[in-house]
Amino acid sequence: MPELDEDHMMAKDLNAFDLISFSSGFDISGLLTHSEYLNCVERFVSKEKPEKILERVKAMVDKVERVVVRKDEKACEGVKLEGLDGNFVIAVRIYRLMNELVVIEVKRKEKKVGGGQFWRTQLRPLLLELALLHGNASK
Amino acid sequence: MVQCLDGLKHLCAGLLNLCDSDSAKQPRGLENPEVLARETVFSVSEIEALYELFKKISSAVIDDGLINKEEFQLALFKTNKKESLFADRVFDLFDTKHNGILDFDEFARALSVFHPNAPIDDKIEFSFQLYDLKQQGFIERQEVKQMVVATLAESGMNLSDDVIESIIDKTFEEADTKHDGKIDKEEWRNLVLRHPSLLKNMTLQYLKDITTTFPSFVFHSQVDDT
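Residues numbered from 1 in each chain as written. Chains lettered and ligands numbered in written order. Predicted model: local features only at pLDDT ≥ 70, side-chain atom pairs only at ≥ 80, totals over all residues. Heavy atoms only, no water.

This brings us to the interface of chain B and chain A. Opposite the 54 residues of chain B that make contact, chain A presents 41 residues. Roughly 4,300 Å² of surface becomes buried between chain B and chain A when both sides are summed, with 72% attributable to carbon and sulfur atoms. Contact with chain A buries surface across chain B, with B:Met157, B:Asn158 and B:Asn201 losing the most and accounting together for 13% of the total. Where chain B packs against chain A, one counts one salt bridge. (Contact = heavy atoms within 4.5 Å. Buried area = accessible area lost by both parts, 1.4 Å probe. Salt bridge = Lys/Arg side-chain N within 4 Å of Asp/Glu carboxyl O.)

Here it is, written out as C-alpha cells:
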C-alpha cells in the first residue's frame, strides 16, 4: 500500500486538480477550527521569481518589530512568519504553475482579536505589489 | 403444549416491550455509538466527541438535531453568505439519503473518510465523485475547466484563458492514458497515486485530536451511570 505523503512537496508544476483543490469549498477543515483563531488562505498569481518574492518578504519583516521569519519545512519554497506576541503564524509558500508563473499561497492562523494587523497593513500590500493583477500572462 | 408456547410468546413480547421503552428513555440523539464506531474508523469516544461537534453545528440556525445546507456553509466558512460550487458538491456527497439534510449518521460516516487512518481507496473514491460533477462515472475536460474557472474566480487569482487551457491540456496528457477525452476512475486512481498531494483535502489531521477538541464529559457520565 503506497504511503500517503501529502506533506512532501515535490518541486513540480501544479496541475489542474492542484488548482481545483485550492478551492475553499473543498477544504472542510473549517468544520473543526477553534473559535479563538481564524484560519485563512489567500493565493496570488505572480510573474516574479520565487527567490525574489521570498527575499522581499524577508526584507520587509526585518523592518518590523516582534515578527520573525523561519524556514517552512513543509514547502520547497516557503517561509513561516511568526508574531512573537503569539497573535499569528503565517506560512508563505510558492508553487510553480507554468512558464514563469507562480502561485503565492498564504495560510494564516491568527487571533480573531488583533491578529490580523500585520497581514493587512504589511504583508498583503507587499504581495499585491508582486502579484499579477491581470490575466494576460504576456511572454 | 400449545399453552406453554403461548405463554412463552407472551413472555417474549413482554420483554421486547421493556426493551423498547428503555431505548425511548435514552438521551436524545446518540444511540449506539458502538455501531458507528464499528462501521467507521472512529473509536467510541471519538464518535461521542464528533457528536458534540454535530450538535454545535446542527443547532446554529434551526435547533432540530439536523444539519441543513445553511448550517453546513456556516460551519465551513463561518458565514452563510458564501456559496461555493464545491461546498454544494461536498454536502451532496455527505447526504447519502438525498433528503437535503444531514443526520449524525451521514455526518459521521462521511467524516470517517477524512480521518488520517481511513483507507486511501475511500479517499480516492470520494474525491472522484466530488469532481464528477454530472455524476457520469467519468470526469470530462469541460467539467475540469468549469471547476478550475470557479476556483480561480473564488480566490481572485487571475489567469488568462490560454494559460488555463494549457494547464488543462498538460493535466489531461498525463491523466488521460486511454486518450478518450475523459478521466475514468482507474485513470484518476493512477494519477492520484503518482501525485498524493492531490488528496490532501481528503485528510483532516485534526480528526485524530477530536476527543481533546470536543470533550464529552457530560455524555460519559451518563453512560457510566447506567
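On to the sheet that holds strand 3 (residues 78-83) of chain A. Remark on secondary structure: sheet strands pair via backbone hydrogen bonds, oriented parallel or antiparallel. All names here are of chain A. Ordered by their spatial adjacency, five strands build an open sheet running 1-5-4-3-2, and the pairing between neighbours is antiparallel. Among the strands making up the open sheet, the edge pair consists of strand 1 (37-46) and strand 2 (67-71). Along the sheet, successive strands turn relative to each other by an average axial angle of 20°, direction set aside. Two elements, strand 3 and strand 4 (residues 88-96), share five bridges in a ladder whose sense is antiparallel. Looking across to strand 4, one finds that Lys80 is bridged to Ala91. Sitting on the sheet, helix 3 (residues 117-130) is in contact with strand 1, strand 2, strand 3, strand 4 and strand 5 (102-111), with an inclination near 20° to strand 1. (Pairing = 2+ DSSP bridges. Helix = DSSP H or I, 4+ residues; strand = E, 2+ residues; numbered from the N terminus. Axes fitted to C-alpha atoms, helices over the stretch in contact; angles between N-to-C directions.)

Any link to function would need more than the numbers given here.
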